[in-house]
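Summary of structural features
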Amino acid sequence: MSKRSMKKLILSIVFVACLVPITVLAADVTVTPQNMEGWFVKQGNKNATGQITAVADDQGGNGSFEFHLNEVTNGSGAIFQIARVPAVTPEGVTVVKVDDIEELSWSFMSDTSGSYGPKLKVEYWGRDRLGNMHSGTLVYAGPLPAGAGWHAIDVDFNSDPWWSTENDDESETHPFAYWQNLLSGVPINYLVAGIGSTSGNMTAATTHIDYIHFKEKNGIDDTWNFETGGTPPSPETVVVTPDDTQGWALKRGNRNASGQIADVPDNHGGQGSFEFKLDGSTDGSGSIFQIARIPVLTVDSIAGLSWDYKSDPGNGAYPVIKIEYWSSERHGSLVYIPAPASNPGSWETVTVDFDSDLWWSTELGHDNQRTLAEWQQELGGILVNYLVAGLGSTSGNPAASTSYIDYIRLVEKFRGTDTTWDFEGKGELPPPVDPPIPTLSEWGVIILSLLLTGYAWFWRRRESVI
Ligand SMILES: [Ca+2]
Ligand SMILES: [Ca+2]
């Protein structure tokens, strides 16, 4: 995961936190391949693999998360990491700050050589209570019990040493409580569990982690138990209204167009659906209207996608769904344009076939169409900014048209959700969501200010052994 992606996510967290009340539940959560409960595979993994395997844990369970590092002799490193926003629910996320953490513990099993095991890290980004920017990762540097078999780590906040990638000095360790004081108010991007290094030679190793426990002062108190099997998420239909938007909002950039939830019956017995109107402007500046929802997911977490649309009865124009992704290396929107309806003006259902329907990316243009499965292979853990529904173009003279969308269904395997959004109740959606990521110009200012104050660490990509 690139630094900039992390920054993007945390800004989205800050934004969404304004909308989502904190719901606090202490829970023992079972994480399965069918429902990763928000855990996802981070980018940057190489020469390594990771998955939940049927290796019994130390507390009676029959599975655990396995990391396997290949032997590396050319200095290119081997690393594998999984991560989770500390407080993410199907409804959204809440901000957890470094100094909110009260307990951290986990179990790990060393390689049979007993050499080492995976650890927990805490990635943070944002301003402290004094307004100073921070970006880095706290890395546990405390004692690791030696020998094969399972071991438990229960972090002593006042004595176990941690270091920060912000200082880039593994020798400068302090107790976690020290860092909490220094980083008071700084939001946490991710809890990370992983092993390995982005550089250097590596010995082949197979290790496991389980029962990751995280408790913070606002009451979030979760222990994640990794197990095989599991069941797919239960489908849920959510009604979106102007008064209860379920995270949907206008997207910036709308022009020469309008949109609202209209009293137009959908294809499932509902009385409303979302209407897009292009006004037919002919000044060449385009005509477009889009709504969007900020998910917290990665491109490769999408396991199902479908929607209904009703095209313009005159010219057959119809809205489409886009997946907008962003990292420091890759950013664009994946777009799939299904075949036109044979009967304009009637409702159609689009169910994306991940292995045959072709999507193009605004990053690479129409000529690079691939299946969604191929894009997922290529883009992997890159975060999704927005799930977008829209009609029109930012240039040219799109014809005047009126069309509708409804029953947008997204199955997200890493959070274990299967949600269908049903638009009902006449009215407009709220104003544009501020971008969950900073614009490039905003980043230019931030980066410049950091460089001017000597924080050259900002650009460092190195990730050390954890
Ligand atoms: Ca387990
Ligand atoms: Ca509806």
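Structural data are supplied above this passage.
The sections below set out a description of the structure shown in this document. Here the structure is a predicted model, which means the values were calculated and not measured. Along each chain, residues carry numbers from 1 onward, in the same order as the chain's sequence is written. Chains and ligands are labelled by the order in which they are written, letters from A for the one and numbers from 1 for the other. Where local features are concerned, this predicted model is filtered to residues with pLDDT of at least 70; where side-chain atom pairs are given and counted, the filter is 80 or more; whole-chain, interface and lining totals use all residues.

**A closer look at unusual backbone geometry**
Worth spelling out the cut-off: Secondary structure elements follow DSSP: runs of H or I no shorter than four residues count as helices, runs of E no shorter than two count as strands, and numbering proceeds from the N terminus. Labels follow a simple rule on C-beta atoms placed from the backbone: if 20 or more others lie within 10 Å of a residue's own, it is buried; if 12 or fewer, it is exposed; otherwise it is partly exposed.
One non-glycine residue with positive phi stands out, namely Asn47, at about 50 degrees. Its location among the elements puts Asn47 in the loop between strand E2 (40-41) and strand E3 (48-53). At Asn256, a residue that is not glycine, the phi angle is positive and equals roughly 50 degrees. Inspection of the secondary structure puts Asn256 in the loop between strand E18 (248-250) and strand E19 (257-262). We classify Asn256 as buried; it has 20 C-beta atoms within 10 Å.

**A short note on the nonpolar core**
For soluble globular proteins, nonpolar side chains are generally found buried alongside one another. Our working rule: Joined through C-beta atoms within 7 Å, a set of buried Ala, Val, Leu, Ile, Met, Phe, Trp, Tyr and Cys residues constitutes a nonpolar core. Where each domain begins and ends is defined by an automated method or by a domain database. Each residue gets a C-beta atom placed from its backbone, and two residues are in contact if those atoms lie within 7 Å.
Membership of the largest hydrophobic core comes to 92 residues, with the highest contact counts inside it found for Val98, Leu120, Ile212, Val299, Tyr325, Val384 and Ile408. In terms of domain composition, this core takes at least three residues from each of domain 1 (20-231 + 445-459) and domain 2 (235-435). Sequence-distant contacts of Leu120, defined by excluding residues within four places in its chain, comprise Leu104, Trp106, Tyr140, Leu191, Val192, Ala193 and Ile212. Grouped together as the second largest cluster of nonpolar side chains are 10 residues, Ala48, Phe67, Ile195 and Ala205 included.

**Overview of the sheet that holds strand E21 (residues 287-293)**
Let me state the cut-off plainly: Strand pairing follows a simple DSSP-based rule, namely that at least 2 bridges must link the two strands. Fitted lines through C-alpha atoms serve as axes, helices being fitted only where they are in contact, and the angles separating the N-to-C directions of these axes extend from 0 to 180 degrees.
As summarised here, the arrangement of the seven strands in space is E18-E21-E28-E23-E24-E26-E27, forming an open sheet in which the pairing is antiparallel. With partners counted over all chains shown, the strands left at the sheet margins are E18 and strand E27 (365-371), one partner each. The average undirected angle you get between the axes of adjacent strands in this sheet is 30 degrees. Sheet topology note: the strand E24 (residues 331-335)/strand E26 (residues 358-361) ladder contains two bridges and is antiparallel. Opposite Leu334, over in E26, you have Ser361 as the bridge partner. Helix H3 (residues 372-379) contacts strand E23 (320-326), E24, E26 and E27 of the sheet and is inclined by roughly 95 degrees relative to E27.

**A closer look at the pairing of E21**
Counting buried positions along E21 yields seven of seven residues, so the element is predominantly enclosed. Burial along E21 is two-sided: the face carrying Ser287, Phe289, Ile291 and Arg293 and the face carrying Ile288, Gln290 and Ala292 are both buried. Note that E18 and E21 share three bridges and pair antiparallel. Looking at the pairing, Leu250 lines up with Ile291 of E21.

Coordinates in, geometry out; function isn't part of it.
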